[in-house]
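Single-letter residue listing:
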Amino acid sequence: MLNLEEKAKKQFNKSLKDASEQEIYKLLLDLVEEKSAAMPTNESKRKMYYVSSEFLIGKLLSNNLLNLGIYDEVKEELAKHGKSIEEVEEAEQEPSLGNGGLGRLAACFLDSTATLGLNGDGVGLNYHFGLFRQVFENNQQNYRPDAWLAEPTWLNKTDTSFTVPFGKFTLESKLYEIEVLGYQQKTKNKLRLFDLESVSGDIIKEDSIHFDKENIKENLTLFLYPDDSDRQGYLLRIYQQYFMVSNAAQLAIQEAVERGSNIHDLAEYVIIQINDTHPAFIIPELIRLLVYKHDISFDESVEIVKNVVAFTNHTILAEALEKWPIDYIQEVAPEIAAIIQRLDALIKEEYPHNPAVHVIDGHQTVHMAHIAIHFGFSVNGVSALHTEILKETELKNFYEIYPNKFNNKTNGITFRRWLMASNPMLTEFIDQKIGTNWHQDADLTKLLDEANDEQSIQELQEIKQSNKVRLANHLERTKDVSINPNSIIDIHIKRIHEYKRQQMLALYIIYKYKAIKDGHIPETPITIIYGGKAAPAYTIAQDIIHLILTLSELIANDPDVSPHLQVEFIENYNVGEAEYLIPAADISEQISLASKEASGTGNMKFMLNGALTVATYDGANVEIAELVGEENIYTFGKSSDEIVRLYEEDAYDAEGLYYNEKIKHLVDFIISDELKAIGNQENLHRLHHDIISKDYFMALIDLEEFINLKEEVYEDYENQEDWTRKALVNIAKAGFFSSDRTIEQYNDDIWKLEN
Ligand code: 26V
């Protein structure tokens, strides 16, 4: 008994049934604190620091209750008093401290690290505002500040503070912490978020995401990734990055000394995994601290740091590979700029005729990835294909120098959040069929025994149906959106980017709209759901959102089409929405241009929840296809090799493809009178022009194949027994994508922590 009724009486002087959702949330937060107080921590000599500018942790209440093993008990006690845990969950504000996959991966990794009992913390920044809150107005994306730091909070203030020396001033940091509770109370780790007391939301201009970018003391940790489309924005990002890593480095050194390090042996005590290049300044910062604070020679410091830092690459997109002009770094942190110049000199001396691997190029620009590769001991990609591309193409020059540094760690997802917490019905089904061992050791292959059991297939179908109803209710309640729970639910959720090809699916929607207008009525109605934010400065991504919203309106207002096809774009897609959407999906859209999606992790979540994937041979889709077999996935499109070759030879011809008679009328529909009557001419014309003249991410190259495949998929859906059998195989084979497996591999190959 948790005595929630008694606790409510004591704290609020009222009965549970009369307490508000917000009050119950507070009560449960205290309960988690009380229950987790006695959890052990791992005190091993060696400790891992996962330094990341993003941690997309999502809501914490249900996850913490689940990991403490009291979720069901709480749910039942609340129900006895007429309260629903799902409604209490809605009282929690979601911290949006990440953009997408990279930040969510960091959150899954924290869960797995604690669950495996490893000594490892996350380190990042305590942004006061997460990524903007997306609102749609006139079929356009708009921006509202996304405050999340409301009481009650999971965040605990500590007394820890460090001095960070910038060029023009020094700042004192303040450390906040969120506890990370391993499953079944294995160990308790921490997410450590640094902040500045002087930061103030007062400098935000009205209800917007604009603020005074020059006022560093007040804005440093105000926003995640402030817009970097101008010089001030660039500088602010460098300020943020340096602030983050200086604190992380000082923290790691301080704790190593407390555990007995004499600094010369730092690598025995500390391993720092950097999540993409955003924390790469930690390399010169560690060197600075060893040289100036610990009197170690520059050369020895470099050697020490080389054994401490490991780097994960998450993208090959040129625009995301960070490069900063050296004079910007000089302005923000001159000592760091000087160390980077010395590191560059070492590399130039060793590889004078290999400018591709220099740290500072001929334009005086610092390549962050190059610092991380030369002066870290491990470089990993995040799926088998991605790592191959790094070795063979993008980082070939480095692979030739350091073949042994390169390794692959295919991404994973935590099954605690993405199955147990978000899909309780499927969890119970699996528990009944194969027991509960998989909660710790994610092997679901025994489920394959159910493939020929009609009863099991029937049950699985009913679970999917119930999850569709649950989604429909949730959307009705929270977003005022109605969807048909008896339709095929087909979902494309992720950041909006041309390479992810939301626009290719939009062209399919146009195809389907026209087909229905011509009398080709689908047997089962179809609901296509999008979700995702576009970066504020990314014009074509805004245009893609606009096209989809305009199409959605056109279809909804057309009585010939709307009973058979619905298109919804979920506003402000985030982790909480994903937890409702993914369990309800029949179809998972993973249609990026081959070679461009480093891994994807949404693809794994859908598979685990029994959706069938429409996939290009990209990222971890390749590994999903290998595991489930071609008969249980719908693959299409040009191979990664072909796409890489097209880019190398500059041989892609968008215009040529556009003049294909099957394609032209679909693309031209973007600027049709029907759409222009609803949408904005400028957005529609710009997107149309971009697709026919440039189409840099090749939406047209796979379009015909995609359309044919989509038709086949919807047809296959009509045979529910076969369909559900395929879904079962997907669930059964998803074990490989548990982040526990990923973290075990990081630990075996890179971190080498004792548990
Ligand atoms: C770069 C930039 C540069 C401009 C400012 C905003 C910004 C934000 C993030 C990034 C890095 C993007 C890298 C990234 O998110 N990669 C994703 O990582 C996932 C986890 O490994 C992976 O599943 C996705 O395929 C990959 O796109």
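See the structure shown above.
As the structure is a prediction and not an experimental result, all values here were calculated from the model.

So, how was this worked out
- Residues numbered from 1 in each chain as written.
- Predicted model: local features only at pLDDT ≥ 70, side-chain atom pairs only at ≥ 80, totals over all residues.
- Heavy atoms only, no water.
- Axes fitted to C-alpha atoms, helices over the stretch in contact; angles between N-to-C directions.
- Helix = DSSP H or I, 4+ residues; strand = E, 2+ residues; numbered from the N terminus.
- Parallel < 35°, antiparallel > 145°, perpendicular 65-115°, else oblique.
- Left-handed = near helix turned anticlockwise from the far one by under 90°.
- Contact = heavy atoms within 4.5 Å.
- Nonpolar A, V, L, I, M, F, W, Y, C, P; charged D, E, K, R; others polar.
- Polar contact = N/O pair within 3.5 Å; in protein donor to acceptor, adjacent residues only side chain to side chain.
- Buried < 20%, exposed > 50% of the residue type's maximum accessible area, 1.4 Å probe, protein only.
- Pairing = 2+ DSSP bridges.
- Right-handed = clockwise from strand over helix to strand, strands pointing away.

Engineer: Describe in detail the packing of helix α20 (residues 502–517) against helix α21 (residues 539–556), supporting the description with residues and values.
Structural biologist: Remark: α20 packs on α21, axes separated minimally by 10 Å, with the N-to-C direction vectors making an angle of 20°. On the basis of the axis angle, α20 is roughly parallel to α21. In this structure, the crossing between α20 and α21 has a hand that is left-handed. Residue-level contacts link Q502, Q503, A506, I509, I510 and Y513 of α20 to I544, L547, I548, L551, L554 and I555 of α21. A per-class count over the contact of α20 with α21 returns 10 nonpolar, two polar and no charged.

Engineer: How would you summarise the environment of Q566 if you had to cite specific residues and measurements?
Structural biologist: Structurally, Q566 is set in strand β18 (residues 565–570). Contact partners of Q566, with chain neighbours within four places excluded, come to S482, I483, N484, I526, T527 and I528. Side-chain polar atoms of Q566 contact the side chain of E568, separated by 3.0 Å.

Engineer: Let's hear about the pairing of strand β16 (residues 488–493): which residues, and what values?
Structural biologist: Most of β16 sits out of view: six of its six residues are buried. Residues of β16 alternate between two faces, with I488, D490 and H492 on one and I489, I491 and I493 on the opposite face, all of them buried. The sheet contact formed by β16 and strand β17 (residues 526–531) spans six bridges and is parallel. In the strand pairing of β17, I491 is matched with I529. In terms of handedness, the path from β16 via α20 over to β17 forms a crossover that is right-handed. Where β16 lies against strand β19 (residues 587–590), two bridges are found, and the strand directions are parallel. Each bridged residue has a counterpart across the sheet, and for I491 the counterpart in β19 is S588.

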